[in-house]
Amino acid sequence: MLISSVREFMHQISARIRGDSWTRPTGGLLAGCHRRRRRYRMEALVHMDQMMNPKTGARFAVCPPCAPLPRARRRRAAMVLLSAVALASAAAAQEHFLDETSLRLPDYNDSSFDIEPGDIDGDGDLDLYISNYVPAGAKNFLLINDGDGFFSDETDTRMPGAPNEPSRDGSLGDIDGDGDIDLLVANVGYQNRLFVNDGSGYFAEESALRLPPADGLSFGAALGDVDGDGDIDIAVVNRDEQNRLLVNDGLGYFSDLTDSLLPAASNPSRAVAVGDVEGDGDLDLVIGNDARQNRLLINDGSGLFVDDSRRRMPALADTTYHIRIGDVSGDSLLDLFVANFARYSDDVRLLINTGAGAYRDETSWRIPSVPFFDEATDGAIGDVDGDGDFDLFVARYEQNSMYINVGAGVYVDSTETWLPEDISFSQGAAFSDVDGDHDLDLLVANSPQRNRLLINQYGAPDTTPPVLAACSHPPDTYDTLGPYAVTVTGFDNTLLLDADLLYRAGEEPTFDSLAMRPVGGSLFRGEIPGQAPGTVIRYYVEARDRPGNVARTPPGAPVETYDFEVLGGVGVEGEQQPAANPDGLLRLGQNCPNPFSQLTTINCSLPEDSPLPAIRVYNISGQLIRTIEASEAIPGRCRFEWDGRDEEGVRVACGLYLYVLDVHGDRQVRKAVFLRP
């Protein structure tokens with residue numbers, strides 16, 4: 001390392017002052033080390049007794065042992081020594097991430113491919129789940145934080161009976177809607193696993209009850225509310241078969257609706273990420289493929305995806321290991337970081353969102369180039385230096401890289417000043433404030449070596465508010481029944497971010513506050529209750545991070561707010577009132593209530609001069625269960641009611657159902673969950 005090299009040089013100077021030897025500069029600045037293939041060393045010149053810094057050309061003559069220096073020359077040598085001390089001090093301060101693995105992590109030689117931070121036991125600090133991959137199967141680890149960033153292995157007590165399987169990815173999220181963090185594990189050649197949290201960080205393995213059977217080569221998974229109903233669905237990418245979309249019934253039980261909602265594709269996929277790339281309030285999918293074009297699947301809002309890669313993505317045949325989503329350019333649009341196998345493509349790509357989810361490859365002028373052979377396996381995006389923009393860590397097979405954002409998404413290579421020397425086979429990475437000091441620490445998953453925990457020593461206090469990117473709003477006039485959904489994309493360093501939806505109906509003097517729920521892909525969702533026709537609703541979103549920094553959208557809130565007027569809603573007697581359709585668009589509303597056990601109501605808006613349609617209800621096998629005629633209609637609007645019975649009048653089984661509206665070829669689909677009374 002740099003420090004040890006400078007210390008070696010200092011010893012030479014000290015030895016000469018003592019009479020052993022003396023080293024003096026012969027040109028350039030005092031320096032004496034350089035990094036070559038991840039190793040710092042002093043380079044001796046064979047033809048002369050000198051030492052050289054190849055970067056600056058500074059050389060140092062090394063005299064053989066001789067008598068002590070005269071007093072006058074000792075002063076000069078002491079000055080050189082003091083300069084070396086200053087250099088050593090500067091070098092010590094430069095490594096802003098300090099490797100404290102041996103102090104803070106259990107001593108395992110891991111085969112890890114993914115590391116996921118999350119507050120698993122609900123005590124306010126961030127714990128870790130580590131996925132290990134060995135073809136014959138390996139034990140994954142659940143590490144619990146003591147509150148100060150020291151971790152203990154509690155896998156056996158908190159996940160009893162968890163099978164040892166080859167795992168490539170783990171995803172944390174509230175699968176069953178009970179307010180705690182559950183766990184999905186993607187396995188290669190084995191059933192994917194779903195572990196349900198009891199609220200205190202103890203898990204039950206319930207895959208057979210909650211997941212469809214599957215034993216594909218699953219390399220990754222992402223959690224997110226893709227169909228906009230408030231619960232978390234699952235996207236799984238496979239190397240050997242069609243990728244899968246599993247839809248949540250609202251209680252944490254999943255149905256495979258791939259054939260209905262995803263475009264058919266046979267690409268061997270390795271990576272998936274979810275995010276609202278268009279800024280329209282729903283979650284889109286980015287798929288990383290093996291030696292093929294990566295894909296961007298655009299969500300229509302109901303969970304039906306269209307492959308729009310040709311129009312929105314660069315035509316690049318990469319072999320992609322991981323994709324990370326974040327606003328690196330600071331324009332409130334979601335950009336993409338792509339980690340690739342460098343033998344077949346560039347090792348990293350930075351794809352910048354140019355608006356409405358269209359991407360341009362701007363890697364060449366935003367990120368310094370690296371050796372072609374040094375492929376990237378993963379990345380982490382976060383503000384490590386506290387200056388308000390997002391920096392970038394790149395995991396590699398050799399020396400990992402740290403890039404500092406100098407503004408607007410332009411990066412400088414700051415590896416030497418931020419990272420210790422470490423030649424590891426890194427496979428995964430995550431930023432996380434593990435020690436609770438309000439800055440980002442670094443977690444690195446290695447295979448087949450020990451994982452690493454690097455503690456941030458930069459010392460910059462976290463005074464940066466969360467980033468609120470795209471916020472979707474109801475239209476200026478809302479012609480459907482409540483509730484009225486509002487979503488916002490929010491980022492923060494600490495990973496512990498709360499968002500509230502504050503609204504005021506009519507002439508109410510104060511704002512009511514509703515907690516927004518994280519629904520995956522950094523998206524938060526809240527619902528304003530239905531209001532009487534003619535009511536004007538004003539609202540804004542407020543987000544807070546753990547240090548107490550606050551962000552609001554719109555920025556001038558609460559003086560400045562978003563607003564809309566209800567044209568159709570809940571009447572004064574509580575009766576639902578249909579209203580005219582002001583813009584003439586077809587809209588199929590979400591059934592209310594949902595889930596339901598007796599009767600549910602479905603409202604829709606119709607284009608002008610449309611025939612009165614019927615709604616068709618299907619089970620998850622695609623069988624038509626019921627055709628429902630409108631129970632009430634006015635020009636531009638109609639209402640349907642379903643009592644949970646089929647065409648024969650028999651109550652249907654509990655579970656997930658799809659209802660479909662088709663008008664002039666415009667087909668819209670939503671889902672309803674029926675529960676037995």
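Residues numbered from 1 in each chain as written. Predicted model: local features only at pLDDT ≥ 70, side-chain atom pairs only at ≥ 80, totals over all residues. Heavy atoms only, no water.

The chain has the name FlgD/Vpr Ig-like domain-containing protein in an unreviewed UniProt entry, where candidate division TA06 bacterium SM1_40 is given as its organism.

**Student:** Give a detailed account of the overall build of the chain, specifying residues and quantitative values.
**Tutor:** Check the secondary structure of the chain and you find nine helices and 54 strands. When the 677 residues of the chain are sorted by exposure, 57% land in the buried category. The long-range fraction of contacts in the chain, counting pairs at least 24 apart against all pairs at least 6 apart in sequence, stands at 56%. (Helix = DSSP H or I, 4+ residues; strand = E, 2+ residues; numbered from the N terminus. Buried < 20%, exposed > 50% of the residue type's maximum accessible area, 1.4 Å probe, protein only. Contact = heavy atoms within 4.5 Å.)

**Student:** An account of a nonpolar patch on the surface is requested, with residue identities and associated values reported.
**Tutor:** Residues Leu 209, Leu 251 and Tyr 253 make up a contiguous nonpolar surface patch of about 290 Å² in total accessible area. Inspection of the secondary structure puts Tyr 253 in the loop between strand 18 (244-248) and strand 19 (254-256). (Patch = residues over 30% accessible without salt bridge, like charges linked within 9 Å, V, L, I, M, F, W, Y side chains within 5 Å. Areas by Shrake-Rupley, 256 points an atom, 1.4 Å probe, with all protein chains shown as cover. Salt bridge = Lys/Arg side-chain N within 4 Å of Asp/Glu carboxyl O.)

**Student:** Provide a residue-level description of the nonpolar core, including the pertinent values.
**Tutor:** General note: in soluble globular proteins, nonpolar side chains tend to be found buried as a group. Within the largest apolar cluster, 21 residues are counted, with the highest numbers of intra-cluster contacts made by Leu 245, Val 272, Leu 285 and Phe 305. Elements represented by at least two residues in this core include exactly strand 17 (233-238), strand 18, strand 20 (269-275), strand 21 (284-289), strand 53 (655-663) and strand 54 (666-674). For this core, the element with the most residues is strand 53, which contributes three residues. Domain assignment of the residues forming this core places at least three in each of domain 1 (97-111 + 167-456) and domain 3 (587-674). Once you skip the residues sitting within four places of it in the chain, Val 272 turns out to touch Gly 220, Ala 221, Ala 222, Ala 235, Val 237, Leu 285, Val 286 and Ile 287. Among the nonpolar cores identified, the runner-up in size contains 20 residues, and Leu 586, Ile 628, Cys 638 and Tyr 657 belong to it. (Core = buried A, V, L, I, M, F, W, Y, C linked by side-chain atoms within 4.5 Å. Domains from an automatic or database assignment.)

**Student:** Which residues make up the side chain of Asp 121, and what values go with them?
**Tutor:** Position of Asp 121 relative to the elements: it lies in the loop between strand 8 (112-118) and strand 9 (127-132). For the buried residue Asp 121, which engages in no salt bridge, the nearest side chain bearing the opposite charge is Arg 158, 4.3 Å off. Ignoring any residue separated from it by four or fewer positions in sequence, one finds Asp 121 in contact with Asp 127, Ile 144, Arg 158, Gly 199, Ser 200 and Gly 201. (Lys, Arg positive; Asp, Glu negative; His and termini not counted.)

**Student:** Quick rundown of the sheet that holds strand 20? Include the residues and the values.
**Tutor:** The antiparallel open sheet is built from four strands, whose spatial order is 20-21-23-24. Of all the strands in the sheet, the pair left with one neighbour each is strand 20 and strand 24 (305-307). Neighbour-to-neighbour, the strand axes of the sheet open up by a mean angle of 25°, direction not taken into account. Where strand 20 and strand 21 come together, six bridges link them in antiparallel fashion. Bridge pairing in strand 21 places Val 272 opposite Ile 287. (Pairing = 2+ DSSP bridges. Axes fitted to C-alpha atoms, helices over the stretch in contact; angles between N-to-C directions.)

**Student:** Provide a residue-level description of the sheet that holds strand 30 (residues 376-382), including the pertinent values.
**Tutor:** With antiparallel pairing, the four strands of this open sheet are ordered in space as 30-31-32-33. Bordering the open sheet on either side are strand 30 and strand 33 (411-413), each of which pairs with just one other strand. Strand-to-strand twist in this sheet, taken as the mean axis angle between neighbours without regard to direction, amounts to 25°. In this structure, strand 31 (residues 391-396) lies alongside strand 32 (residues 401-405), joined through three bridges in antiparallel fashion. If you follow Leu 392 over to strand 32, its bridge partner there is Tyr 403.

**Student:** Describe in detail the side chain of Asp 545, supporting the description with residues and values.
**Tutor:** Assignment of secondary structure puts Asp 545 in the loop between strand 44 (536-544) and strand 45 (550-553). Despite its burial, Asp 545 pairs with no opposite charge, the nearest such side chain being Arg 544 at 8.2 Å. A polar contact of 2.7 Å, which involves the side chain of Asp 545, links it to the backbone nitrogen of Asn 549. (Polar contact = N/O pair within 3.5 Å; in protein donor to acceptor, adjacent residues only side chain to side chain.)

**Student:** Hey, could you go over the pattern of salt bridges for me, with residue numbers and the actual values?
**Tutor:** One pass over the structure, following the stated rule, counts 33 salt bridges. Between Arg 450 and Asp 107 there is a salt bridge, with the nearest N and O atoms lying 3.6 Å from each other. Residue Arg 450 is located in the loop between strand 35 (441-446) and strand 36 (452-456), and its partner Asp 107 is located in the loop between helix 3 (101-104) and strand 8; the two are separated by 343 residues in the primary sequence. Residue Arg 450 is classed as buried on the basis of its relative accessible area, which comes to 18%. Take Asp 107: its relative accessible area is 63%, and that puts it in the exposed class. In this structure, Glu 165 engages Arg 193 in a salt bridge whose closest nitrogen and oxygen atoms are separated by 2.7 Å. Separated by 28 residues along the polypeptide, Glu 165 in the loop between helix 4 (155-158) and strand 12 (167-173) and Arg 193 in strand 14 (residues 193-197) bring together distant segments of the chain. Each of the salt bridges in this network shares a partner with another, and the network as a whole consists of Asp 227, Asp 229, Asp 231, Asp 233 and Lys 671.

**Student:** Provide a residue-level description of the pairing of strand 48 (residues 600-605), including the pertinent values.
**Tutor:** Burial of strand 48 is extensive: six of the six residues sit out of reach of the surface. The alternating pattern of strand 48 places Thr 600, Ile 602 and Cys 604 on one face and Thr 601, Asn 603 and Ser 605 on the opposite face, and all of these are buried. Note: strand 47 (residues 587-588) against strand 48, two bridges, orientation antiparallel. Following the sheet pairing, Leu 588 is matched in strand 48 by Cys 604. Taken together, the six bridges between strand 48 and strand 52 (residues 637-642) define a ladder with antiparallel strand orientation. Paired with Ser 605 across the bridge in strand 52 is Arg 637.

**Student:** Could you give an account of the confidence of the model for the chain, with specific residues and numbers?
**Tutor:** For the chain, per-residue confidence averages 81 on the pLDDT scale, and 79% of positions sit at 70 or higher. Taken as a whole, residues 1-69 scores under 50 in pLDDT and shows 154 contacts with residues more than four places along the chain or in a different chain. Segment residues 569-580: pLDDT under 50, and 34 contacts once partners within four positions in sequence are set aside and those in other chains are kept. (pLDDT = per-residue confidence, 0-100.)

**Student:** Could you give me a rundown of the packing of aromatic side chains, with the residues and numbers involved?
**Tutor:** Applying the stated criterion across every chain yields a total of 12 aromatic pairs. Centre to centre, the rings of Phe 113 and Tyr 133 are 5.3 Å apart; their planes meet at 75°, and the pair counts as edge-to-face. In this pair, Phe 113 is assigned in strand 8 and Tyr 133 in the loop between strand 9 and strand 10 (141-145), connecting sequence segments 20 residues apart. The exposure class of Phe 113 is buried, given its relative accessible area of 11%. Ring geometry for Trp 418 versus Tyr 458: centroids 5.1 Å apart, planes at 25°, classification stacked. Here Trp 418, found in helix 9 (residues 415-418), pairs with Tyr 458, found in the loop between strand 36 and strand 37 (467-472); they are 40 residues apart in sequence, far enough to count as distant. (Phe/Tyr/Trp six-rings, centres within 6.5 Å; stacked < 30°, edge-to-face > 60°.)

**Student:** Which residues make up the pairing of strand 36, and what values do they have?
**Tutor:** Of all five residues in strand 36, four are buried, a share of seventy percent or more. Where strand 7 (residues 97-99) meets strand 36, three bridges bridge the pair, whose relative direction is antiparallel. Paired with Leu 98 across the strands is Ile 455, a residue of strand 36. Here three bridges tie strand 35 to strand 36, and the two strands are oriented antiparallel to one another.

**Student:** Account for unusual backbone geometry, with residues named and values stated.
**Tutor:** For the peptide bond that leads from Thr 553 to Pro 554, omega is 0°, which places it in the cis range. By the secondary structure assignment, Pro 554 is in the loop between strand 45 and strand 46 (562-566). At Ala 291, a position not held by glycine, the phi torsion is positive, near 60°. Considering the arrangement of structural elements, one finds Ala 291 in the loop between strand 21 and strand 22 (292-293). Here Ser 522, not a glycine, exhibits a phi torsion of approximately 65°, which is positive. Checked against the element boundaries, Ser 522 lands in the loop between strand 42 (517-518) and strand 43 (523-528). Here Ser 522 falls in the partly exposed class, since its relative accessible area comes to 31%.

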